[in-house]
Amino acid sequence: MSTYDIEITKEHEILRQVARDFVEKEIRPVVDEDERNHRFQRDIVSKMGDLGFFGCVIPEEYGGSGMGFLAHAIVTEEIARVSGSLRAPFNMQAMGTAREILQYGNEEQKKKYIPGLVKGELLGCIGITEPDAGSDVASLKTTAVKKGDYYVLNGSKTWITWATVADTGIFYAYTDRSKKYRGISAFIVDLHSPGVTTRLIEHKMGWHACPTGEVFFEDVKVPAENLMGNEGEGFFYAMGGLDNTRLSAAAGAIGVCRAIIEESVKYATQRKQFGQEIGQFQMVQEMIARMVVETEAARLLVYRCACEKDRGVKNTLETSMAKYYSCDVASRVADLGLLILGAYGYSGEYPMERYLRDAKLYQLIEGSPNIHKIIIANDVLGYKKANR
Ligand SMILES: Cc1cc2nc3c(=O)[nH]c(=O)nc-3n(C[C@H](O)[C@H](O)[C@H](O)COP(=O)(O)OP(=O)(O)OC[C@H]3O[C@@H](n4cnc5c(N)ncnc54)[C@H](O)[C@@H]3O)c2cc1C
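Criteria and cut-off values
- Residues numbered from 1 in each chain as written.
- Predicted model: local features only at pLDDT ≥ 70, side-chain atom pairs only at ≥ 80, totals over all residues.
- Pairing = 2+ DSSP bridges.
- Helix = DSSP H or I, 4+ residues; strand = E, 2+ residues; numbered from the N terminus.
- Near = placed C-beta within 6 Å.
- Domains from an automatic or database assignment.
- Buried ≥ 20, exposed ≤ 12 C-beta atoms within 10 Å, placed from the backbone.
- Contact = placed C-beta atoms within 7 Å.
- Nonpolar A, V, L, I, M, F, W, Y, C, P; charged D, E, K, R; others polar.
- Axes fitted to C-alpha atoms, helices over the stretch in contact; angles between N-to-C directions.
- Core = buried A, V, L, I, M, F, W, Y, C linked by C-beta atoms within 7 Å.
- Parallel < 35°, antiparallel > 145°, perpendicular 65-115°, else oblique.
- Left-handed = near helix turned anticlockwise from the far one by under 90°.

*Asks:* Can you help me understand the pairing of strand β2 (residues 143–147) in this one?
*Replies:* Across a regular strand the side chains alternate sides, sitting on one face of the sheet and then on the other. Inspection of the sheet shows β2 paired to strand β3 (residues 150–161) by five bridges, in the antiparallel sense. Counterpart to K146 in the pairing with β3 is Y151. Connecting β2 to the next strand, β3, in antiparallel fashion are two residues, including G148 with a positive phi near 65 degrees.

*Asks:* Explain the site of the ligand here, please?
*Replies:* Within the structure, the ligand sits among 20 residues, and I128, G134, S135, S368 and N370 are positioned closest to it. Looking at the shell around the ligand, the elements that each hand over two or more residues are β1 (126–127), β3, α10 (352–364) and α11 (369–381). Split by domain, the residues of the shell around the ligand number at least three in each of domain 2 (126–234) and domain 3 (242–381).

*Asks:* For this particular structure, what's the right way to read the environment of A289?
*Replies:* In this structure, A289 sits in helix α8 (residues 282–310). What makes A289 exposed here is the crowd of 10 C-beta atoms within 10 Å. For the pair A289 and V265, spaced 24 residues apart in sequence, the C-alpha separation works out to 11 Å.

*Asks:* Even after reading the chapter, I still don't get the domain arrangement of the protein, so can you show me in this structure?
*Replies:* Quoted interface sizes are often the accessible area lost when the parts come together. Taken domain by domain, the protein holds domain 1 (10–119), domain 2 (126–234) and domain 3 (242–381). Each of domain 1 and domain 3 has a C-alpha centre, and the two are 21 Å apart. Each side of the interface is counted separately: domain 1 has 19 residues, and domain 3 has 20 residues. Listed by contribution, the elements that provide at least two residues to the side of domain 1 that touches domain 3 are α3 (69–80) and α4 (89–95). Looking at the side of domain 1 that touches domain 3 element by element, the count peaks at eight residues for α3. For the side of domain 1 that touches domain 3, the per-class residue count stands at eight nonpolar, five polar and six charged.

*Asks:* What is the right way to read the packing of α3 against α8 from this model?
*Replies:* Relative to each other, α3 and α8 sit at 145 degrees, their axes nearing to 7 Å. Between α3, through F69, L70 and A73, and α8, the contact on the second element is made entirely by V302, Y303, A306, C307, K309 and D310. Of the residues assigned to the contact of α3 with α8, the class counts are seven nonpolar, no polar and two charged.

*Asks:* How do you make sense of the nonpolar core when you look at a structure like this?
*Replies:* Nonpolar side chains in soluble globular proteins generally cluster together in the buried interior. In this structure, F187, A250, A253, V302 and A330 are the most contacted members of the largest nonpolar core, which totals 113 residues. Of the residues forming this core, the biggest block, 15 residues, is contributed by helix α7 (residues 234–268). The residues touching V302, leaving out its near neighbours within four places in the chain, are A73, A250, A251, I254, A322 and S326.

*Asks:* What am I meant to see in unusual backbone geometry here?
*Replies:* Apart from glycine, the bulk of residues carry a negative phi angle, and the bulk of peptide bonds sit in the trans form. In this structure, H38 takes a positive phi of about 55 degrees despite not being glycine. Here H38 shows up in the loop between α1 (10–37) and α2 (42–50). The phi dihedral of W207 is positive, around 50 degrees, even though this residue is not glycine. Among the structural elements, W207 can be located in the loop between β6 (196–200) and β7 (212–223).

*Asks:* Please clarify how the packing of α1 against α3 should be interpreted in this entry.
*Replies:* Helix-helix packing is described using two parameters, namely the angle between the two axes and the distance between the axes. Where α1 contacts α3, the axes come no closer than 9 Å and their chain directions differ by 25 degrees. In terms of orientation, α1 and α3 fall into the roughly parallel class. At the point where α1 passes α3, the crossing takes the right-handed sense. For the pair α1 and α3, contact is made by H12, L15, R16, A19, R20 and V23 and by L70, A71, I74, V75, E78 and I79, respectively. For the contact of α1 with α3, the per-class residue count stands at eight nonpolar, one polar and three charged.

*Asks:* What should I look at first to understand the environment of F69 in this one?
*Replies:* Position of F69 among the secondary structure elements: in helix α3. Separated by 85 residues in the primary sequence, F69 and N154 place their C-alpha atoms 35 Å from one another.

Put into structure tokens, the structure is as follows:
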């Protein structure tokens, strides 16, 4: 089978329709108010869990549907078309937590955490980033020291999605700093444990209905059974997890591109200047054409990436291509969408300004554009193969 094969089945289309119906009924009516009021709706996350949205990449025995990565990308795209904030659970409940535990956890951990995460009963989070450790994951400072049958965790994490609302999370800490990145381990941490405190990051550009915050660990006792996989392999699990969470971000970027195009077309066929619809002006048409073609190209990369994962192909390179390109396109498409709506694009009465804020974030999370270009260029130049 060629690596470019993308097969969208009837089941995928049914799932897409279920997601579309859900957003129209449950998300679109409240999204603007929730964003304005910075209101996180756990209830909506639970409903998505009930519908099986987080279980596509999880086998049935752990509460998932096993429909696969393309199914996951399709649902993510549909949700992100209406709300960036509610795209986050696709990583918090599925790719960054449940799927990661499925890949690297032991049987007890899989049984204990995955069904609750997939159902949306247990809210998850992923804790890699620290004040001095962004792209450079190995520079993290959090430590975990083993004392008998538990580890003592000390340190802090920042920019953690759902820090203030999550029940549990996968956190990365040094168990042996002398081994550099080979001394990082991964822990499943109960965020209600003594010694864990969180603080909301109050002011951010967008995703207001999705709380982001800091997590502080002060002598937190983490049972030894909560070590995920083996000591010293955390860095590799984090990278493996990113291979999956990047697909969600890329699919989210396609979703917001579609929203921007729909809003631009609606506006361009209503707004009249110089006696005609602005959509009749060739320069506006050029912008619309560019937005549509680039979005379609990005979508093909994202679907190709998802289908490869469904076939069990290790595709860090193709994931970086899909993530880099789709998020870059979302940012460009958002710039054009804003221009098409002119002053009204800048108004809170139209969704365009929110779409623009949603779109910009996709470039920042799950690896910056530079990081993805480094992965791609190193592979192509033969310095470091990505799909090892
Ligand atoms: C809303 C939001 C939610 C987030 N959620 C989470 C979460 O749930 N969990 C989590 O762990 N993290 C989360 N993050 C953090 C996110 O993953 C980081 O922002 C990301 O890892 C990049 O780190 P940084 O922002 O510190 O940028 P830096 O790494 O400081 O990079 C700054 C700039 O330098 C460039 N740069 C860095 N290194 C290189 C290099 N080697 N070559 C060339 N250029 C380079 C980058 O491309 C970028 O342009 C979130 C961030 C935001 C904004």
